Amino acid sequence: MRQKIVAGNWKMNKNLEEAKELIKGIKKEVKNGLAEDTRVIIAPSFVNLNYATKKTKKSAVEVAAQNMHQATGGAFTGEVSADMLKKIGVDIVILGHSERREYFGETDELLAEKVNTAVANNLEVIFCFGELLEDRKSGNHFAVVESQVKKALFHLKNEDFKNIVLAYEPVWAIGTGETATPEQAQEMHAFVRELFVNVYGNETANAISILYGGSVKPANAEEIFSKPDVDGGLIGGAALKTEDFVAIIKSI
Ligand code: PGA
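Rules used in this analysis
Residues numbered from 1 in each chain as written. Predicted model: local features only at pLDDT ≥ 70, side-chain atom pairs only at ≥ 80, totals over all residues. Heavy atoms only, no water. Core = buried A, V, L, I, M, F, W, Y, C linked by side-chain atoms within 4.5 Å. Buried < 20%, exposed > 50% of the residue type's maximum accessible area, 1.4 Å probe, protein only. Helix = DSSP H or I, 4+ residues; strand = E, 2+ residues; numbered from the N terminus. Contact = heavy atoms within 4.5 Å. Near = heavy atom within 4 Å. Polar contact = N/O pair within 3.5 Å; in protein donor to acceptor, adjacent residues only side chain to side chain. Areas by Shrake-Rupley, 256 points an atom, 1.4 Å probe, with all protein chains shown as cover. Nonpolar A, V, L, I, M, F, W, Y, C, P; charged D, E, K, R; others polar. Pairing = 2+ DSSP bridges. Right-handed = clockwise from strand over helix to strand, strands pointing away. Phe/Tyr/Trp six-rings, centres within 6.5 Å; stacked < 30°, edge-to-face > 60°. Lys NZ or Arg CZ within 6 Å of the ring centre and 35° of its normal. Axes fitted to C-alpha atoms, helices over the stretch in contact; angles between N-to-C directions. Parallel < 35°, antiparallel > 145°, perpendicular 65-115°, else oblique. Left-handed = near helix turned anticlockwise from the far one by under 90°.

Asker: Quick rundown of the nonpolar core? Include the residues and the values.
Answerer: Grouped together as the largest cluster of nonpolar side chains are 63 residues, with contacts concentrated most on L153, L166 and F196. The leading source of residues in this core is helix 8 (residues 182-200), at six residues. Sequence-distant contacts of F196, that is, excluding residues within four places in its chain, are made with V149, L153, F154, F161, L166, G201, A205 and I208.

This is how it looks when you write it as structure tokens:
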């Protein structure tokens with residue numbers, strides 16, 4: 001069975017005090033564990049990762065980083081390496097988020113390097129991709145997504161995908177309150193899964209979790225998650241409030 005995942009991307013929100021509160025609230029809700037093949041992941045900022053991994057060690061909550069540098073180490077002021085993450089107990093990293101692409105100039109080629117570094121360091125990757133509004137309006141959304149996925153991931157070996165989760169995040173739906181319809185999400189997820197069928201075969205394609213991200217909230221989560229190729233969500237704004245995030249977890 002494919003894993004179902006609810007992941008909270010905290011972005012540049014929550015100082016230590018606020019992170020403590022939120023982690024406490026989420027832990028309380030999942031204290032009796034999660035259903036089989038269901039995962040809950042939170043991605044606080046770098047400075048709060050150490051605290052988060054310590055606090056969630058004995059719980060069902062897992063911790064991800066929001067980014068990582070592609071080099072193993074060296075003179076890269078302000079950056080964080082895969083090894084640094086691993087050593088504090090972070091085993092998951094989000095790569096390719098549209099905000100990293102747009103504001104920090106991350107290209108498909110750079111993301112392929114980051115993916116390689118993560119895979120080499122045994123870090124699981126939540127790989128984000130998605131089209132801009134103009135791509136969708138011009139009917140280019142499938143081509144854009146295909147190119148993003150292929151350029152960053154399709155040099156990998158079949159077995160590497162055990163450590164990759166996909167997250168389709170149409171840029172026009174992120175933080176805008178505008179969600180893709182469940183049908184639009186399903187359509188794109190099925191398209192992406194088919195890309196994997198063609199190159200990596202059915203087994204890999206059917207095992208890979210594809211999350212939807214973009215204005216998921218308690219009111220729409222259940223319907224989106226009910227679609228056959230939607231295996232969960234990457235949640236931004238609604239991951240910052242315990243009650244909203246918990247309600248979304250309950251929808252999975
Ligand atoms: P949002 O963000 O839920 O606030 O739209 C999603 C994301 O950027 O991962």
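Let us keep going from here.
Asker: How would you sum up the site of the ligand? Please name residues and give values.
Answerer: Neighbouring the ligand are 13 residues, the closest being K11, H97, E169, G175 and S215. The backbone of S215 places a nitrogen or oxygen atom 2.7 Å from an oxygen atom of the ligand. The separation between an oxygen atom of the ligand and a polar main-chain atom of G237 is 2.8 Å. A total of 280 Å² of accessible area belongs to the ligand in isolation, and the protein chains cover 95% of it. For the shell around the ligand, a count of residues per class yields four nonpolar, seven polar and two charged.

Asker: I'd like a description of the pairing of strand 7 (residues 210-213), backed by residues and values.
Answerer: The alternating pattern of strand 7 places I210 and Y212 and L211 and G213 on opposite faces, both of which are buried. Note: strand 7 against strand 8 (residues 232-235), two bridges, orientation parallel. Note that in strand 8 the partner of Y212 across the bridge is G233. Running through helix 10 (residues 218-225), the crossover from strand 7 to the neighbouring parallel element strand 8 is right-handed.

Asker: Outline the packing of aromatic side chains, supporting the account with residue identities and numerical values.
Answerer: Tallying each qualifying case throughout the model produces nine aromatic pairs. An aromatic cluster is built from F127, F129, Y168 and Y212, whose rings are joined through pairwise contacts. In this structure, R100 is placed above the aromatic ring of F104, and the distance from its NZ or CZ to the ring centre is 3.9 Å.

Asker: Now, about the packing of helix 5 (residues 108-120) against helix 7 (residues 141-153): what can you tell me, with residues and values included?
Answerer: For the pair helix 5 and helix 7, the least separation of the axes is 7 Å and the interaxial angle reads 45°. When the axis of helix 5 is compared with that of helix 7, the two are oblique. Note that helix 5 runs across helix 7; the crossing there is right-handed. Packed against helix 5, whose contacting residues are D108, E109, L111, A112 and V115, the element helix 7 presents S147, Q148, K151, A152 and L153 at the interface. Across the contact of helix 5 with helix 7, the residue classes break down as five nonpolar, two polar and three charged.

Asker: If you had to explain unusual backbone geometry to someone new, which residues and values would you point to?
Answerer: In this model, D37 sits at a positive phi of 65°, which is unusual for a non-glycine residue. Mapping D37 onto the fold places it in the loop between helix 1 (16-29) and strand 2 (38-43). Residue classification places D37 among the partly exposed positions, given a relative accessible area of 28%. Positive phi is not limited to glycine here, since N122 has a value of about 60°. Relative to the elements of secondary structure, N122 occurs in the loop between helix 5 and strand 5 (124-129).

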